[in-house]
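# Tertiary structure, described
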Amino acid sequence: MPLRIYNTLTSAKEEFVPLQPGKVSMYVCGVTVYDNCHIGHARANVAFDVVYRYLCHSGYAVTYVRNYTDIDDKIINRAKQEGVEFNVISERYIQAFDDDMARLNLAMPTHQPKATEYVDEIIALVGKLVAQGTAYPIDGDVYFSVGKFPSYLKLSGRNLEEMQAGARVDVDERKRHPMDFALWKGAKPGEPYWPSPWGNGRPGWHIECSAMSMKLLGETFDIHGGGKDLVFPHHENEIAQSEAASGKQFVRYWMHNGFVNINAEKMSKSLGNFFTIRDILERYDSEVLRFFLLSAHYRSPIDFSDQNLADADAGLSRIYSALAAMDDALADSAASREASPALLSEAALELQEKLATLHDRFCEAMDDDFNTALAIANIFDLVRVLNRVLADKAALNAAVLSLFSQAKTGIARIAGVLGVMDSVPSDYQARLKSRKSSDLNIDVAEIERIVAERTAARKVKDFRRSDELRDQLLAKGVELLDGPSGTAWKIK
RNA sequence: GGCGACGUCGCCAAGUGGUAAGGCAAAGCUCUGCAAAAGCUUUAUUCGGCGGUUCAAAUCCGCCCGUCGCCUCCA
């Protein structure tokens, strides 16, 4: 079954046919590095990380480019505030971005270019547009002339007249058309600059992506991604600059991810209602955050709340519990099972059937515009059957254990694409426990002492004292779990 | 004002013509001294409302209501 991708350019799902068979060229707008990243950045980057991984999984040789925009007005402003050079700011937040993405288990792109390393290419591109007459210099700035590019706004499906009617911006009177945008900005005193034919200055906002993507991927490439909010003006302007310069189609498939909302409203810097990735990782495991982000389709809005994160946490734990239980069964098995008949129970037969189609169903979901929500639902479906088999301890024979091995392999294959469920189950569980115990207001030795006292009380059937001690611990957030081999405890 | 998206069980969320996936929560059961935890089972004749097309619609069309986004920096 062919992969189908929703293309913003045509507003439809289209069969994906790469420019060159077996190869995919893909560019995703990274970040402007002037501050820490928020959950919205996490979503976009996780979404395209999965796109990248799935394309690789499908057998394509993928060249994945994700840029850093490391020169921009916001960076300059921030540098001014702090009284440092602009590159102190950009380098700091590049490092922060890299750290955040590593924690979110992102695969490394093939190239991670920085705008400042491509100034020559940018100047050449602007120069070409000026020479052509599609761009014009004024007082050290250079503007793109939207009137010279007839298909301007084809991506966002608007027209120039409407845009002007709704314009809320003060128009620079020097521009030929109110919608003309800057390719190059002349430097004011004290600002960073590069020499250019139009004087000292720096790149405008959109031009760096055109220059870097065309340099690394060619004038026409397969996939260009980013958040929905980049459709206009950023991607629209990229198309204008690039296609005007090359005379060729710039990008074949435009992909845009939906927003992260807070109380059904867009999370954004300007609204001030954002959470940084760092903030959230203080409180939730990074794998939980990633799992949460993949639990909705990448184009849908997703509402960020404690409740929803807690739900994701519970769901992911359910999967790991089943994986851990399989590990246990496999570990304490072997010899004693060998003699047992290899008959499969009804549940085991169902498991066998689910395993046979597991990978196909995964691909079917992902081929439909990267439907990770459906892919995850399939995993839960498998987990339910798995638990049913696990529950029947007497039926754990060699044949069933072999199914468990298959299940582990099958899930690992999927986990490798989604970038979740790829921890060692017992490690994951230990990670959660230690995270929770860090905000505990009682020390472990004290817990152990009370547990021991209660065990003694239970031994002599003093259940009143036993329950008293249990309540005492519960009040401090410690939950007791009595089992055949003694009493374990966990943080509530 | 222009353009666009969305509205599916208490909550989250798949499903774009063939008769409602999955998760969380809840209830029942198993287990337990009792619990907790865990597991199993159950839980929408119905998809914002009203019309229409069709043998058949959550899915297509029209209108209405509601929410949100873009049009300014934004993933």
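Residues numbered from 1 in each chain as written. Chains lettered and ligands numbered in written order. Predicted model: local features only at pLDDT ≥ 70, side-chain atom pairs only at ≥ 80, totals over all residues. Heavy atoms only, no water.

## Re the protein's contact with RNA strand B
K74, W205, G227, L230 and M267 are the nearest of the 58 residues found near RNA strand B. Close to the protein, within 4 Å, the atoms of RNA strand B belong to sugar or phosphate groups at a rate of 63%. A distance of 2.8 Å is found between a phosphate oxygen of RNA strand B and a side-chain nitrogen or oxygen belonging to N371. With eight residues, helix α13 (residues 372-391) is the largest single contributor of residues to the surface near RNA strand B. (Near = heavy atom within 4 Å. Polar contact = N/O pair within 3.5 Å; in protein donor to acceptor, adjacent residues only side chain to side chain. Helix = DSSP H or I, 4+ residues; strand = E, 2+ residues; numbered from the N terminus.)

## Here's the deal with the nonpolar core
In this structure, M26, F404, L418 and M421 are the most contacted members of the largest nonpolar core, which totals 142 residues. Here this core spans two domains, and each of domain 1 (4-282) and domain 2 (308-427) adds at least three residues to it. Not counting residues up to four positions away in its chain, the partners in contact with M26 are F48, V51, Y52, L55, T63, Y64, V65, L217 and I223. (Core = buried A, V, L, I, M, F, W, Y, C linked by side-chain atoms within 4.5 Å. Buried < 20%, exposed > 50% of the residue type's maximum accessible area, 1.4 Å probe, protein only. Domains from an automatic or database assignment. Contact = heavy atoms within 4.5 Å.)

## So, the sheet that holds strand β7 (residues 181-186)
Overall, antiparallel pairing links the four strands, which are arranged β5-β6-β7-β8 in an open sheet. At either end of the open sheet lies a strand with only one pairing partner, and these are β5 (135-138) and β8 (201-203). Between one strand axis and the next, the sheet turns by 25° as a mean value, whatever way the strands run. Relative to β8, β7 runs antiparallel, the two sharing three bridges. Its bridge partner lying in β8, K185 is registered against R202. Where helix α7 (residues 231-246) meets the sheet, it contacts β6 (141-144) and β7, and its direction lies at approximately 80° from that of β7. (Pairing = 2+ DSSP bridges. Axes fitted to C-alpha atoms, helices over the stretch in contact; angles between N-to-C directions.)

## Points about the packing of helix α1 (residues 39-57) against helix α9 (residues 286-294)
Where α1 contacts α9, the two axes come as close as 10 Å, and the packing angle between them is 75°. Classified by the interaxial angle, the pair formed by α1 and α9 is roughly perpendicular. For the pair α1 and α9, contact is made by I39, A42, R43, V46, D49, V50 and R53 and by L289, R290, L293 and L294, respectively. Here the contact of α1 with α9 is composed, by residue class, of seven nonpolar, no polar and four charged. (Parallel < 35°, antiparallel > 145°, perpendicular 65-115°, else oblique. Nonpolar A, V, L, I, M, F, W, Y, C, P; charged D, E, K, R; others polar.)

## Concerning empty space enclosed by the protein
Scanning the model with the defined rule gives one cavity of 30 Å³ or more in all. Its boundaries defined by the atoms lining it, the largest cavity holds a volume of some 70 Å³. If you go around the largest cavity, the residues you meet are R43, V46, A47, V50, V51, L293, L294, A296, Y298, F370 and T372. Secondary structure elements with two or more residues in the lining of the largest cavity: α1 and α9. In terms of residues, the lining of the largest cavity owes the most to one element, α1, which gives five residues. (1 Å grid on protein atoms, 1.4 Å probe; cavity = no way out; pocket = protein on both sides within 12 Å on 5 of 7 lines; lining within 4 Å. Points joined across faces, edges and corners; volume = space filled by probe spheres on them.)

## A short note on the layout of surface pockets
If a probe the size of a water molecule is rolled over the atoms, the empty space left behind becomes visible. Reported here for the largest pocket is a volume of approximately 1,100 Å³. Lining the largest pocket are 40 residues, and of these H41, K74, W205, D229 and L230 sit closest to its centre. Every element with two or more residues in the lining of the largest pocket is listed here: β3 (23-32), α1, β4 (61-69), α3 (86-103), α6 (207-217), β9 (221-227) and α7. Partitioning the lining of the largest pocket into residue classes produces 16 nonpolar, 16 polar and eight charged.

## Some details on the sheet that holds β9
One open sheet accounts for four strands, arranged β4-β3-β9-β10; its pairing is parallel. The open sheet has two edge strands with one neighbour each: β4 and β10 (251-257). Going from strand to strand, the sheet's axes swing by 20° on average, the running direction of each strand aside. With eight bridges connecting them, β3 and β4 associate as parallel partners. Paired with V24 across the bridge in β4 is V62. This element, α3, spans β3 and β4 of the sheet and lies at about 140° to β4.

## Considering the domain arrangement of chain A
Interface size is commonly expressed as the accessible area that is lost once the parts come together. Domains assigned within chain A are domain 1 (4-282), domain 2 (308-427) and domain 3 (440-491). Measuring from the centre of the C-alpha atoms in domain 1 to the corresponding centre in domain 2 gives 41 Å. Taken together, the contact between domain 1 and domain 2 spans eleven residues of the former and 15 residues of the latter. Regarding the contact of domain 1 and domain 2, the summed buried area is about 1,200 Å², with carbon and sulfur atoms giving 58% of it. Area buried by domain 1 at its contact with domain 2 is led by V50, Y54 and H57, which between them contribute 47% of it. One can count two salt bridges joining domain 1 with domain 2. For the salt bridge of R4 with D368, the shortest nitrogen-to-oxygen distance reads 4.0 Å. Along the contact surface separating domain 1 from domain 2 lie eight residue pairs in polar contact (both at pLDDT 80 or more). (Buried area = accessible area lost by both parts, 1.4 Å probe. Salt bridge = Lys/Arg side-chain N within 4 Å of Asp/Glu carboxyl O.)

## Focus: the pattern of salt bridges
Within the structure shown, the criterion is met by 34 salt bridges. With a closest N to O distance of 3.4 Å, R470 and D467 form a salt bridge. Taken as a pair, R470 and D467 lie in helix α17 (residues 463-475) at a separation of three residues, close to a single helical turn.

## Considerations on the environment of Q132
Its place among the elements puts Q132 in helix α4 (residues 119-132). Overall, the relative accessible area of 39% leaves Q132 in the partly exposed class. Considering only alpha carbons, one finds Q132 and L289, 157 residues apart in sequence, at a separation of 48 Å. The contact partners of Q132, leaving out residues within four places of it in the chain, are A244 and A245.

## Overview of helix α16 (residues 444-459)
Taking 1.5 Å per residue as the helical rise, α16 with its 16 residues ought to reach 22 Å, and the 22 Å between its terminal C-alpha atoms agrees with that figure. Each element contacted by the buried residues of α16 is listed here: α17, β14 (478-483) and β15 (486-491). Backbone geometry just downstream of α16 places K461 in the positive-phi region, at approximately 60°. (Expected span 1.5 Å × (residues − 1).)

## A few points about the packing of aromatic side chains
A full pass over the atoms with the stated rule returns 19 aromatic pairs. Ring centres 6.1 Å apart and planes at 90° place the aromatic pair Y54 and F370 in the edge-to-face group. Residue Y54 is found in helix α1, and its partner F370 is found in the loop between α12 (346-367) and α13; the two are separated by 316 residues along the sequence. Its relative accessible area of 1% is what places Y54 among the buried residues. Classification of F370 as buried rests on a relative accessible area of 2%. (Phe/Tyr/Trp six-rings, centres within 6.5 Å; stacked < 30°, edge-to-face > 60°.)

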